[in-house]
Amino acid sequence: MSKANSEVKVLTTALKRIESGRWGKFSWSQEGFNVVTGQPTYLLCLEGSITGGSSIARTDAQRAALERLRGVMKVLHGLDEIPLINDSQNFTFEMAVEVVKESLRRAKAEKAEKTRFKGPDISDLTDLTEEKQEEMYDVFSALVDASVEPDFSALIGVKQHQ
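Residues numbered from 1 in each chain as written. Predicted model: local features only at pLDDT ≥ 70, side-chain atom pairs only at ≥ 80, totals over all residues. Heavy atoms only, no water.

(A) Structural detail: the pairing of strand S2 (residues 40–44). In this sheet, S2 lies alongside strand S1 (residues 29–33) in antiparallel orientation, the contact comprising five bridges. Looking across to S2, one finds that Gln30 is bridged to Leu43. (Pairing = 2+ DSSP bridges. Helix = DSSP H or I, 4+ residues; strand = E, 2+ residues; numbered from the N terminus.)

(B) Structural detail: the environment of Thr59. With respect to the helices and strands, the residue Thr59 is situated in the loop between helix H2 (46–51) and helix H3 (60–77). Here Thr59 falls in the partly exposed class, since its relative accessible area comes to 21%. Once the C-alpha coordinates of Thr59 and Ser6 are considered, the two residues, 53 residues apart in sequence, prove to be 9.2 Å apart. Looking at Thr59, its side chain comes within polar contact range of the main-chain nitrogen of Gln62, at 3.0 Å. (Buried < 20%, exposed > 50% of the residue type's maximum accessible area, 1.4 Å probe, protein only. Polar contact = N/O pair within 3.5 Å; in protein donor to acceptor, adjacent residues only side chain to side chain.)

(C) Layout of the pattern of salt bridges. Summed over the entire model, instances satisfying the criterion amount to eight salt bridges. The partner of Arg68 in a salt bridge is Glu7, with the nearest N and O atoms 2.7 Å apart. One end of the pair, Arg68, is in helix H3; the other, Glu7, is in helix H1 (residues 7–19), and 61 residues separate them in sequence. Judged by relative accessible area, Glu7 falls into the buried class, the value being 17%. Notably, a salt bridge pairs Glu110 with Lys114, separated by 3.3 Å at the nearest N-O pair. Note that Glu110 and Lys114 are positioned in helix H5 (residues 93–116) at a spacing of four residues, about one turn of the helix. Several salt bridges share partner residues, and in doing so they unite Glu7, Arg68, Glu110 and Lys114 into one network. (Salt bridge = Lys/Arg side-chain N within 4 Å of Asp/Glu carboxyl O.)

Below, the structure written as structure tokens:
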């Protein structure tokens, strides 16, 4: 099982599996021939590429990735039943790559949108209540108190003697 712990990571792993030619039909995982190289390998359907060959999602990230994939399948192919579309005669390797790429693009866009609104609240940066003003004054006062004032008395005395 992949250690992917976010929807984006799960979809990225699934895309790598599919693009490498390990995509297949009629089973979550089965022996077969790599779609790209023609070499014997272990194939995964679209769901299996997300679940690591399991017939069920084992993590929240996998469930979110499957839900996203279903939504994209609905938009691109009119149905949200992944096995039905994956196993249809007209569904191709290129279509499998396209569906996962679009799912990943949407997941990344949503993550970026959520991340954009994180960070400190503007009021945390501009709130100057009495308590915060005293803290800033105390720090400033401590710096002033710790500094040494120069002794200008010799200069003052020189001017008076002239």
